[in-house]
Amino acid sequence: LDRRRRTLSSERVGAQLAASRGTEALALAEAKSVIVQGNTRKFRGERCFRRCKRNGACEHCGTDLCCRKGWDANESRSGGGPAESGCGGLGGEGKHVCTRVPAIDANATARESFAEALAAHLVLLPTARSFAAPVSLAHVASDLGLALNSSKRRSGGPAATESADAAPPWRGVGRAGEAFCGSTPDGRKGSRRWLSCGGLGDHHGGDLEAQGELEAAVAARAWVAGPGERPELVLTYANEAGTAWVTNLVLSLRSVGVDHSLIVTPSAAHCSALFSSPARLSCGHTSWEVPGCSRKMRNKMRTLWYLRHHYMVRLIDLGVNTLMLDGDITLHGNPYALLKAPPLARHQLLYSLDHRNFCDEVNIGFMYCQGCARRGRAQWVVNETLRRERSFCSPDANAVYGDGGTFFAATDAAGVTSPPHRPRLWASAQDQKVMSDVLASSCCGKDVYRKLIPYHYTLLDKAAFARHFYPTGRCNEMKRERGNGAGGCHYAPLLLYNSSDGAPPPPETMATVPWRVLSSWHGTGDGERAGWSGSWLSEPPAFAHFVGGDVSGTKVALMEALGVWYFEADEVVQHVRTALGLPPANPTGGGLPPQLLQSGCAADLAQHCWADWALLPPPPRPAAGRGAPLLAPAGGGGSVVSTPLTVPLIGTGAASALETIGGVSGAPPPPPTPPPPPPPPTTL
């Protein structure tokens, strides 16, 4: 290990790859015996159409098939004739049931091959498309003359999608990210209305400050779920350094069927590179900035944070429901069925809690504005946050907050504070602290400055200072509201608005979401289920926010371990840096060492990337079409499975035993003597 970044030697990486293959083999064996064979015994003769949706192969039935007598004859319903479904006229009378098919069950070789392919489909997640896929269920189904049909994964996450192994990742995609779309709703009535992935065109926008550009982006990327519904848009942001994060977020959204997203970047070139990347990321750039906030790097970061609030205000004016997300969030279910159900559907500004149930204890990495009225109370909160942020950066800030300024005039005169008053150059989570103070102001009906006072001061009377700047009584405390299966929430009415706009706007409220909607890694919010506790393994929230994860190593390493880091994000980073004329990222900012992403990868990812790094011989690529090999060749030479994947504990991302590798430069060291492979069961 070097002092600045963790660096893994080739020997250690090789050992991890070998250990990963052993883990992978155990996971496959467990999925085969517990899920596939268990489902065969448990559900034989039981109804299956609700899970499987058609005749044919389905993990819910194990090695049986979901069949109904006479269903094959109607090709418009079954998607094919008897030869494709494999049911051969068998099945339930007037209903689909899990049916024993002699052609499979009586043939031990076919039955075992089918069970192993189903296990691989459940465990190895073919959505890891930057690498040669494992032998897929499609190949085995083709060999057995079956129709491929993937049901919902047993863990409750989205079903993985299948594609031909020979198809390069993302190439030839007609609509935005269509090849990466998940399509499994969370089972609630009406939740399919929110599956936008594959239903929208992509968008490469211009400067969002130009006339009509934001409206064009909304027209291209917002999703309307039904008549009378407001448009929905997921907004996120990134500069070049945040490419890996924002890519992982968008791919995670697509995995649960949500693709009505838009990335805002400060650079036109960065947006063009994101759009031209294999992930086809929809974006627009912006020339908007806060005067005085762009002089230094830290202040440039402030502008990046503040632009979220600027565009939230503008999108409220356009009548768009806007979900604002940070890049360190992953999705584990389509969230809209929870957000659109009571009690959350009754509230306008939704946040996650950072600590206690108070208006100023929120985390704004997740912020959802639904049904917010133009010039209303919720918009006042965002507008006032933006006003304060601008005033702190303003060239005239000293006249307001400095010595002799208006901000400390009363407290200085009363002997509560004293000069000198100098600007605070940096504060962690500054934008969050500003918005928290504004929320407390709206809940209490008076100006509150508790989380962030922008200039230094000498405190002389603590009690008087609190009376002047802080909320009084219990006005800042939110109320509890019971709810549906998502759990209740805490809420508070918003009191303040712009009185110059005329008549008072309609009542609006803020609320914090329960743990089933969002939980953070550190779990400090009241009622949250912390990621470090292990609870996400059995019941992941719809949004997993990895805030606080750096204490446990790195956020990327945690995402890898939990199977929610998409290594395609690393490929996008390299594409972006190449397009911008920058040297290859080292590290990529994601989960892979840069040697895996050298030139030539796009032409033949599996062969070139692995051969260039020379850790292991390049794995053989499965033959396309019928007759693909089911087992790895005897005597070494690599496995058909080209990536070392661990058990995917949550989500649908590709997991890996590789840790985040940094500080690797120059040519890779000579390949070590490979460690002896563990004696795993036959690896698919």
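Look up: the structure comes first, before these words.
The structure reproduced in this document is the subject of the present report. As the structure is a prediction and not an experimental result, all values here were calculated from the model.

Remarks on the environment of glycine 199
Its place among the elements puts glycine 199 in the loop between helix 7 (137-144) and strand 4 (204-207). For glycine 199, a relative accessible area of 39% puts it in the partly exposed group. Between the C-alpha atoms of glycine 199 and histidine 260, which are 61 residues apart in sequence, the distance is 9.0 Å.

Observations concerning the state of the cysteines
Scanning the model with the defined rule gives 8 disulfides in all. Across a sulfur-sulfur distance of 2.0 Å, cysteine 52 and cysteine 58 are joined as a disulfide pair. For the disulfide bridge between cysteine 52 and cysteine 58, the dihedral angle about the S-S bond is near -75°, and by the sign convention the bridge is left-handed. Note that cysteine 359 is cross-linked by a disulfide to cysteine 443, the S-S spacing being 2.2 Å. Judged by the sign of its S-S torsion, about -95°, the bond between cysteine 359 and cysteine 443 is left-handed. Taken together, the residues cysteine 359 in the loop between strand 10 (349-353) and strand 11 (362-369) and cysteine 443 in helix 16 (residues 430-444) connect sequence positions 84 residues apart. Per residue, the accessibility class of cysteine 359 equals that of cysteine 443, and both read buried.

Examining the nonpolar core
In terms of nonpolar packing, the biggest core is built from 48 residues, with Leu235, Tyr311, Leu349, Tyr351, Val381, Leu439 and Met510 touching the most fellow members. By residue number, the principal contributor to this core is helix 11 (residues 297-317), which donates 9 residues. Those residues in contact with valine 381, other than ones at most four positions away along the chain, are Leu349, Tyr351, Val438, Leu439, Ser442 and Leu494. By size, the runner-up hydrophobic cluster in this structure holds 27 residues, among which are Leu323, Tyr336, Leu339 and Leu350.

Reading the values: rules and limits
Residues numbered from 1 in each chain as written. Predicted model: local features only at pLDDT ≥ 70, side-chain atom pairs only at ≥ 80, totals over all residues. Heavy atoms only, no water. Helix = DSSP H or I, 4+ residues; strand = E, 2+ residues; numbered from the N terminus. Buried < 20%, exposed > 50% of the residue type's maximum accessible area, 1.4 Å probe, protein only. Disulfide = S-S within 2.5 Å. Core = buried A, V, L, I, M, F, W, Y, C linked by side-chain atoms within 4.5 Å. Contact = heavy atoms within 4.5 Å.

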